[in-house]
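Okay, here's what each chain looks like letter by letter:
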Amino acid sequence: MERTLSIIKPDAVSKNLIGEIIRRLEENNLKVVAAKMLHLSKKEAEEFYAIHQEKVFFDSLTSFMSSGPILVMALEGENAIARNRIIMGATNPAEAAPGTIRKEFGSSIERNTVHGSDSPETATFEISYFFKENEIYHY
Ligand code: ADP
Ligand code: MG
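Residues numbered from 1 in each chain as written. Chains lettered and ligands numbered in written order. Predicted model: local features only at pLDDT ≥ 70, side-chain atom pairs only at ≥ 80, totals over all residues. Heavy atoms only, no water.

1. Structural notes on the nonpolar core
Judged by nonpolar contacts, the single largest core of 19 residues is most densely connected at Leu-5, Ile-7, Met-65, Phe-130 and Phe-131. When contributions to this core are tallied by element, the ones reaching two or more residues are β1 (2-8), β2 (31-38), α3 (42-48), α4 (58-65), β3 (70-77) and α7 (120-130). Of the residues forming this core, the biggest block, four residues, is contributed by α4. With near-sequence residues (within four places) excluded, Met-65 lies in contact with Ile-7, Lys-9, Pro-10, Leu-40, Ala-45, Tyr-49 and Ile-70. Leu-25, Leu-30, Leu-75 and Val-114 belong to the second largest nonpolar core, which has 17 residues in total. (Core = buried A, V, L, I, M, F, W, Y, C linked by side-chain atoms within 4.5 Å. Buried < 20%, exposed > 50% of the residue type's maximum accessible area, 1.4 Å probe, protein only. Helix = DSSP H or I, 4+ residues; strand = E, 2+ residues; numbered from the N terminus. Contact = heavy atoms within 4.5 Å.)

2. Observations concerning the packing of aromatic side chains
Summed over the entire model, instances satisfying the criterion amount to six aromatic pairs. With 6.0 Å between their ring centres and 55° between their planes, Phe-48 and Tyr-129 make a pair best called tilted. Separated by 81 residues along the polypeptide, Phe-48 in helix α3 and Tyr-129 in helix α7 bring together distant segments of the chain. What makes Phe-48 buried here is its relative accessible area of 4%. Relative accessible area serves as the criterion here: at 25%, Tyr-129 is assigned to the partly exposed category. Residues Tyr-129 and Phe-130 carry aromatic rings whose centres are separated by 5.0 Å and whose planes lie at 90° to one another, so their mutual orientation is edge-to-face. Taken together through their ring pairs, the aromatic side chains of Phe-48, Tyr-49, Phe-125, Tyr-129 and Phe-130 make up a single cluster. (Phe/Tyr/Trp six-rings, centres within 6.5 Å; stacked < 30°, edge-to-face > 60°.)

3. Remarks on the site of ligand 1
Around ligand 1, the surrounding shell consists of Lys-9, His-52, Phe-57, Leu-61, Arg-85, Thr-91, Arg-102, Ile-109, Glu-110 and Asn-112. At a separation of 2.9 Å, an oxygen atom of ligand 1 approaches a polar side-chain atom of Lys-9. Here an oxygen atom of ligand 1 and a side-chain polar atom of His-52 are 2.9 Å apart. Here ligand 1 has 530 Å² of accessible area as a free molecule, and 78% of this is covered by the chains. With respect to the detected pockets, ligand 1 is housed in the largest pocket. Split into classes, the residues belonging to the shell around ligand 1 amount to three nonpolar, three polar and four charged. (Near = heavy atom within 4 Å. Polar contact = N/O pair within 3.5 Å; in protein donor to acceptor, adjacent residues only side chain to side chain. Areas by Shrake-Rupley, 256 points an atom, 1.4 Å probe, with all protein chains shown as cover. 1 Å grid on protein atoms, 1.4 Å probe; cavity = no way out; pocket = protein on both sides within 12 Å on 5 of 7 lines; lining within 4 Å. Sits in = over half its atoms within 2 Å of the grid points. Nonpolar A, V, L, I, M, F, W, Y, C, P; charged D, E, K, R; others polar.)

Here it is, written out as structure tokens:
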């Protein structure tokens, strides 16, 4: 069993896609073990995405991520990190595989509807950034 952090980004929340996205995660046997809605400050978005601080898109990304409410979730399942990334699709919706969340609902490489941790190390950091251990359901 593995855990990963999933975020439904402001573009998807504003388009009423929360249910559709969670349905797809659950359908693929990823269990929601923690969830909350938040509206990040710019500073919080910058802390969360600190790994990207040298990128040209950092300011735009962190403005977008703090532009409206998001739904953050810890997901649990076998190989959850890699499987969530497959269900999400490639970063750029234009290049994402058919049937993936980003292909179907993303509107640009920035407004790509969902975030997912990319390694066990980032999953640990990202989950602990948003959730205390006692806020995560243990099956
Ligand atoms: P992923 O979310 O697929 O792991 P990255 O970690 O590379 O992708 O980037 C983090 C987020 O930054 C992306 O999900 C997207 O919202 C945004 N982003 C990535 N590349 C670009 C880009 N070239 N221009 C604008 N925004 C970008
Ligand atoms: Mg990433």
